[in-house]
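Listed below, chain by chain, are the residues.
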Amino acid sequence: MTELSPTAGKNSQDIQGDEKLSPRKAPSICSTRYGIAFIVHLCNFITMAQNIIINITMIAMVNSTNHQPSFNDSTEGLPVNSFGDPNNSPKSLPARAPVYDWNPQIQGIIFSAINYGMILTLAPSGYLAGRVGTKRVVGAALLGSSLLVLFIPLAADFGLVFLIATRILQGMSLGLGYGGQFAIWERWSPPHERSRLCGVSISGILLGTCIAILLGGIISQTLGWPFVFYIFGGFGCICFLLWCVLVYDDPVTHPWINITEKEYIISSLAQQVSSTKQPLPIKAMVRSLSIWSMCVCCFSHQWLINIIIIYAPTYISSVFNIDIRNSGFLSALPFIVAWVICLLGSYLADFLLTKNFRLVTVRKIATVLGNLPSSTFLLVLPYVASNYIIAVSLLTLSCGLGMLCQPGVYINALDIAPRHSSFLMGASRAFAQISAVLAPTVSGFLLSQDPEFGWRNVFSLSFVINTLGLIFYLIFGKADVQDWAKERKLTHL
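Residues numbered from 1 in each chain as written. Predicted model: local features only at pLDDT ≥ 70, side-chain atom pairs only at ≥ 80, totals over all residues. Heavy atoms only, no water.

Looking up the chain in an unreviewed UniProt entry gives the name Solute carrier family 17 member 3, with the organism given as Bos mutus grunniens. Under the UniProt heading Subcellular location (unreviewed entry), the note attached to the chain is "Apical cell membrane". Quoted verbatim from the Sequence similarities (unreviewed entry) field of the UniProt record, the comment on the chain reads "Belongs to the major facilitator superfamily. Sodium/anion cotransporter family." (UniProt positions renumbered as here; feature names shortened; annotations may be inferred.)

Side note on the confidence of the model for the chain
Looking at the chain, the pLDDT average stands at 81 and 82% of residues meet or exceed 70. This model gives residues 1–27 a pLDDT under 50, and the stretch forms 45 contacts once residues within four places in sequence are excluded. Counting interchain partners and residues more than four positions distant, the pLDDT-below-50 stretch residues 64–93 has 55 contacts. (pLDDT = per-residue confidence, 0-100. Contact = heavy atoms within 4.5 Å.)

With respect to the environment of Gly426
Structurally, Gly426 can be placed in helix H20 (residues 421–433). Separated by 299 residues in the primary sequence, Gly426 and Tyr127 have C-alpha atoms spaced 7.7 Å apart. Setting aside anything within four residues of it in sequence, one finds Gly426 in contact with Leu122, Ala123 and Gly179. (Helix = DSSP H or I, 4+ residues; strand = E, 2+ residues; numbered from the N terminus.)

Details of the state of the cysteines
This model, assessed by the stated rule, comprises zero disulfides. No disulfide involves Cys297; its nearest neighbouring cysteine sulfur is the one of Cys405, lying 5.8 Å away. Among the residues examined, Cys297 registers a relative accessible area of 0% and is labelled buried. Free cysteine: Cys298, not disulfide-bonded; nearest cysteine sulfur from Cys297 at 6.2 Å. The exposure class assigned to Cys298 is buried, which follows from its relative accessible area of 1%. (Disulfide = S-S within 2.5 Å. Buried < 20%, exposed > 50% of the residue type's maximum accessible area, 1.4 Å probe, protein only.)

Concerning the pattern of salt bridges
This model, assessed by the stated rule, comprises five salt bridges. Its salt-bridge partner being Arg194, residue Asp415 comes within 3.5 Å of it at the nearest N-O pair. Of this pair, Asp415 sits in helix H19 (residues 413–416) while Arg194 sits in helix H9 (residues 194–202); the two residues are 221 residues apart in sequence, bridging distant segments of the chain. Of the two residues, Asp415 and Arg194, both sit in the buried class. Shared partners join several salt bridges into a network, and the residues in it are Arg33, Glu193 and Glu261. (Salt bridge = Lys/Arg side-chain N within 4 Å of Asp/Glu carboxyl O.)

Here's the deal with unusual backbone geometry
A positive phi angle, close to 65°, is found at Asn356, a residue other than glycine. Here Asn356 is to be found in the loop between helix H16 (328–354) and helix H17 (359–380).

Structure (structure tokens):
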């Protein structure tokens, strides 16, 4: 590990220009901070897998006693975000795997219940993590989600109300972990490494989706659908133990960190991290256009992502009469591409900072690349109805390129208000999560009102919303520390 010479007395906006050689000297995967990023990656992996496994097992959970043609017929009305695989389902379910009489409407309620729970805790989780520490908040969220996942088969036996209540509580746990995890980077990420560290940690969500899609059906077929919950819930409990042992809120309290790395991190954040807990300047935040631009852009981008994940596969199925969810690999392919692009984009963003690019320029470039191409590919999807390969390729590229926003608008709060970034990142994601409720509702209405041009209207509306949010961010988005976010001797609300 090469010794680093910390830069003192530099403004946070000039770090990328003054420390252009430091990424070459900085420790990589052997450093403690990248070890922390990997543990957060692992936690995101398991929590996201726990989130979507019920989408995969639902087909087996509602299977009738007749496992032949009527089985496939029963899946025609399933919610479009179900990643299950009807054709690869077992001919006869393993013994003691119960089935339930849930119509598509009830299944939709079960799927969406987790989103309501997440909305409730995303914003408070960031503030709470900033106060009591990320280790406690995310640790409690990981353990809570894992225990609730283990309880889901029993809750389903108890009745629909118990299952929906369990899903809501699981969503609250997931929101607590997802919104609270970003507080750790206030004290662990040097400014020129934020994109990489956040990218490595958040990409676990994409990898968790891939593995859940690839393995969920196999486990359900060979062992029975309850074992999908038991396995992923048990693995989450193991991850909780690793989290408790290996993760610390800051370098100062970490017992095994190299002294050189600790001094480097502390000195690089000396101008940004407060030694005392600062009250939230709520009034200033509400009046800040830079914050509103961040929230609006996150909302519009999440609208796009929800349309891609939920409706694009159904569009492919309806146009080409081929359900891409019948192939586990093809279903996971967009998320595999997104995982790779998320990691590469994060490293590219930090690389541009070493080439004297302004921080605000890098954030906006990443945001443009993560929004405009993805929404454009989705817009032209209805016009390539004659070519299946092109349509699937556009779907995969839309999902993959959308992850370039991660080193852009999604970590912008660390730039404009590092002392309050945990709260702002949780709040912006809570605002964006509203799209998970609105996008399917509005799109379903458009499809029902105009069967002929419904898909074109859905994708066009997504393009318009995404573009408007992007323009708003390009005009009002900033990357310098705001005056109200700087430490003051006399604090104000």
